[in-house]
Amino acid sequence: MPELGKYTKELKKLIEDSGHILLICHINPDGDAIGAMLALRRWIISRGKEARMISPNALQKFLLWMNDVDQIVDFHHNTGEGTRLINEADLIIMVDFNTTSRMGKAEPLVTASAAKKVMIDHHPDPATFADIVISDVSRSSTSELVYFLVNGMEGSEFNDSEFITAVYVGIITDTGNFEHGYYTGDTMRTVGHLLDMGVDKEKVYNHVFCNFSPDRIRLKGFSLHSRMVVHPELHTAYIWLTREDLEKFNHVKGDTEGFANVLLTMNGIVLSVLFVERSGFVKMSLRSKGSFNANELSRKCFNGGGHRNAAGGEMKGTIHEVVSHFENTLPSFSRELKEAAEEMLG
Ligand code: 5GP
Ligand code: MN
C-alpha cells in the first residue's frame, strides 16, 4: 500500500495550480469509474475550481440517476467537444484504468497532450504514462482510493452528500455489494463512515442492482439453461451468447452484467467466462476464485487484462472461433485451476 500523504500534497498542488482540469475514465465505464470521477470532481468544485469530465463512450442506464452525470461528455458521440476539452486541459486526471488503450478513441489526443497527467487506479501493473501514478492494488475500488486522497487533501472528512454517494457506488459496484473483489478492513471502515454520514444505501442498491427488465431476467434464464458449458475436471464453466440470442431478448448494454459471477457459485468452479458475440468480435468477461489468475489468462489468451479475480478482453472472430480458441488454451492452465480449487476447500 503506497504512502498516500506524499500524493495528496502533490495532487492538491497540481489541482490548485491548474486552470483547466479534465477528468477521464475508461471505456464502457462501470460504477467505479463514474463514481471515482464524480467524487473527485465534487471535491475539486468545493475548492472553487471547475473540472470537466469525459467518458470515452456512453454510460449505462444504471448510472444515469447519479448527480452531475449530465456533465460528462461522451467522447464517442460528442467528439468535437471532447477534443476541445482535451486540447485546452492543463491537467488530465485519469481514473480507474492502467493502460492508455482503455481511453478508446480519446487515447491519441490524451497521450499527445502537453497537460500534466495523473493516474489514479487500483489495477495491477500500471503503465507509467502519467507524470504521477497513484496506484494502489490493495483498494477495493478507485472510488475508495479517491475517498482517502480527498480526505487527505481536505485535511478532514469531506462530508458532502454527492461525494459519499459516488464513493459508495464505486465500492459496491467493484465488490458486487461485498460479494467478491478485494475489500478489506479499510473498505469496511470507509463504508462505516459513509453510512454515518448518511449515504442512502437502499436507494443506491436499488439503482445499481435492481434495475433489470423482464427481458434481461429471461436472457439470464436462457443463458444458464441453454448456453452454459461446465468442465468439472478443469473447474471451469462458461456461457456463450450469439448476436441472435441477444436480439431475441432485446438486449441492451449492461444486460449480461453479473452473468459470469453466477457460475462461480457452482461447487468446485474457480473460473467462469462469459462470451458475448458482437459484430466481428467477441467480448469476454472472466471471473475467478482464490489464486487463479484470470488477468493472466485474459492477457495470454485474449490480449485482455484486469484484476486477478475479474478480467476482460476481446478477440476478433465468430463466437465459435473464439470459444474454440479458449477450449484449446484452457488445458494449459489445468494445474493452476486444480490448485485454486483445492485451496478453496481448505
Ligand atoms: P468486466 O468483465 O466487468 O467487463 O471487466 C472486469 C475487469 O476487467 C475490469 O476491471 C476491467 O477493467 C477489465 N477489463 C475488461 N475488459 C477489458 C479489456 O478489453 N482489456 C483490458 N485490459 N481490461 C479489461
Ligand atoms: Mn475499478
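Being a predicted model, the structure only gives us computed values, none of them experimental.

1. Quick notes on the overall build of the chain
Each helix and strand counted, the chain has 14 helices and 12 strands in total. Relative to the compact-globule value of 20 Å for 346 residues, the chain shows a C-alpha radius of gyration of 20 Å, a close match. Across its three principal axes, the chain shows a C-alpha extent of roughly 55 × 45 × 40 Å. If you take every contact in the chain between residues at least 6 apart in sequence, the share linking residues at least 24 apart comes to 66%. Here the chain contributes 36 positively and 46 negatively charged side chains, and the mean placements of these two sets differ by 1 Å.

2. Quick look at the domain arrangement of the chain
Along its sequence, the chain is carved into domain 1 (4–209) and domain 2 (214–344). Placing a centre on the C-alpha atoms of domain 1 and another on those of domain 2 gives a separation of 28 Å. Contacts between the two partners involve 10 residues from domain 1 and, on the opposite side, 10 residues from domain 2. The junction of domain 1 with domain 2 conceals about 900 Å² of combined surface from both sides, 44% of it contributed by carbon and sulfur atoms. Considering only the side of domain 1, the residues that lose the most area to domain 2 are Q60, P124 and Y182, jointly responsible for 47% of the buried surface there.

3. Let's talk about the site of ligand 1
For ligand 1, the set of nearby residues contains 13 residues, the closest of which are R102, H123, K283, S285 and R287. Note that an oxygen atom of ligand 1 is positioned 3.0 Å from one of the side-chain N or O atoms of H123. Between ligand 1 and S285 there is a distance of 2.5 Å, counted from an oxygen atom to a side-chain nitrogen or oxygen. Against a free-state accessible area of 500 Å², the protein chains account for coverage of 78% of ligand 1. Secondary-structure elements contributing two or more residues to the shell around ligand 1 are β10 (281–288), β11 (305–306) and β12 (310–316). The element that contributes the greatest number of residues to the shell around ligand 1 is β12, accounting for 4 residues. Its residues placed into classes, the shell around ligand 1 shows 2 nonpolar, 8 polar and 3 charged.

4. Some words on the coordination of the manganese ion (ligand 2)
Of the protein atoms, only D32 (OD), D96 (OD), H122 (NE2) and D174 (OD) coordinate the manganese ion (ligand 2), at distances of 2.1 to 2.4 Å. The sequence pattern describing where the donors of the manganese ion (ligand 2) fall on their chain is D-x63-D-x25-H-x51-D. Of this pair, D96 sits in the loop between β4 (91–95) and α4 (107–112) while H122 is found in the loop between β5 (116–121) and β6 (132–135), placing the two residues 26 residues apart along the sequence. Taken as a pair, D96 and H122 share a single burial class, namely buried.

5. Some remarks on helix α9 (residues 214–226)
A rise of 1.5 Å per residue sets the reference length of α9, with its 13 residues, at 18 Å; its end C-alpha atoms lie 18 Å apart and thus fit the reference within 8%. Listing the buried residues of α9 in full gives R216, L219, F222 and S223. Viewed along the axis of α9, the buried residues span an arc of 120 degrees, placing them on a single side of the element. Facing away from the buried side of α9 by more than 90 degrees, the exposed set consists of P214, R218 and H225. Buried positions along α9 lie against β7 (228–231), β8 (236–241), α10 (243–248) and α11 (259–263).

6. Concerning the sheet that holds β6
One key point about sheets: their strands pair by backbone hydrogen bonds, in either a parallel or an antiparallel sense. Across the sheet, 6 strands lie side by side as β3-β2-β1-β4-β5-β6; this open sheet has parallel pairing. Among the strands making up the open sheet, the edge pair consists of β3 (72–74) and β6. With direction set aside, neighbouring strand axes in the sheet form an average angle of 20 degrees. When strand β1 (residues 21–24) meets β4, the two strands line up parallel, connected through 4 bridges. Of the residues in β4, the one forming a bridge with L23 is I93. Relative to strand β2 (residues 51–55), helix α3 (residues 79–88) is tilted by about 130 degrees, and along the sheet it contacts β1, β2, β3 and β4. Sitting on the sheet, helix α5 (residues 142–154) is in contact with β4, β5 and β6, with an inclination near 115 degrees to β5.

7. Here we look at the packing of helix α2 (residues 31–46) against helix α6 (residues 161–174)
In helix packing, the relevant descriptors are the interaxial angle and the interaxial distance, both defined with respect to the helix axes. The geometry of α2 relative to α6 is characterised by a closest axis approach of 8 Å and an angle of 160 degrees between their N-to-C directions. In terms of axis orientation, α2 runs roughly antiparallel to α6. As for how α2 packs across α6, the hand of that crossing is left-handed. Along the contact surface, α2 presents G31, D32, G35, L38, A39 and R42, while α6 presents E162, F163, A166, V167, V169, G170, T173 and D174.

8. As for the side chain of T236
Summarising the element assignment, T236 is placed in strand β8. Judged by its relative accessible area of 0%, T236 is buried. Sequence-distant contacts of T236, defined by excluding residues within four places in its chain, comprise V229, V230, H231, I269, L271, F326, L330 and L337.

Reading guide: rules and limits
Residues numbered from 1 in each chain as written. Chains lettered and ligands numbered in written order. Predicted model: local features only at pLDDT ≥ 70, side-chain atom pairs only at ≥ 80, totals over all residues. Heavy atoms only, no water. Helix = DSSP H or I, 4+ residues; strand = E, 2+ residues; numbered from the N terminus. Rg over C-alpha atoms; globule rule 2.2 N^0.38 Å. Contact = heavy atoms within 4.5 Å. Lys, Arg positive; Asp, Glu negative; His and termini not counted. Charge placed at Lys NZ, Arg CZ, Asp CG, Glu CD. Domains from an automatic or database assignment. Buried area = accessible area lost by both parts, 1.4 Å probe. Near = heavy atom within 4 Å. Polar contact = N/O pair within 3.5 Å; in protein donor to acceptor, adjacent residues only side chain to side chain. Areas by Shrake-Rupley, 256 points an atom, 1.4 Å probe, with all protein chains shown as cover. Nonpolar A, V, L, I, M, F, W, Y, C, P; charged D, E, K, R; others polar. Donors = N, O, S within 2.8 Å, 3.2 Å for Na, K, Ca; no water. Buried < 20%, exposed > 50% of the residue type's maximum accessible area, 1.4 Å probe, protein only. Expected span 1.5 Å × (residues − 1). Arc of directions from axis to C-beta. Pairing = 2+ DSSP bridges. Axes fitted to C-alpha atoms, helices over the stretch in contact; angles between N-to-C directions. Parallel < 35°, antiparallel > 145°, perpendicular 65-115°, else oblique. Left-handed = near helix turned anticlockwise from the far one by under 90°.

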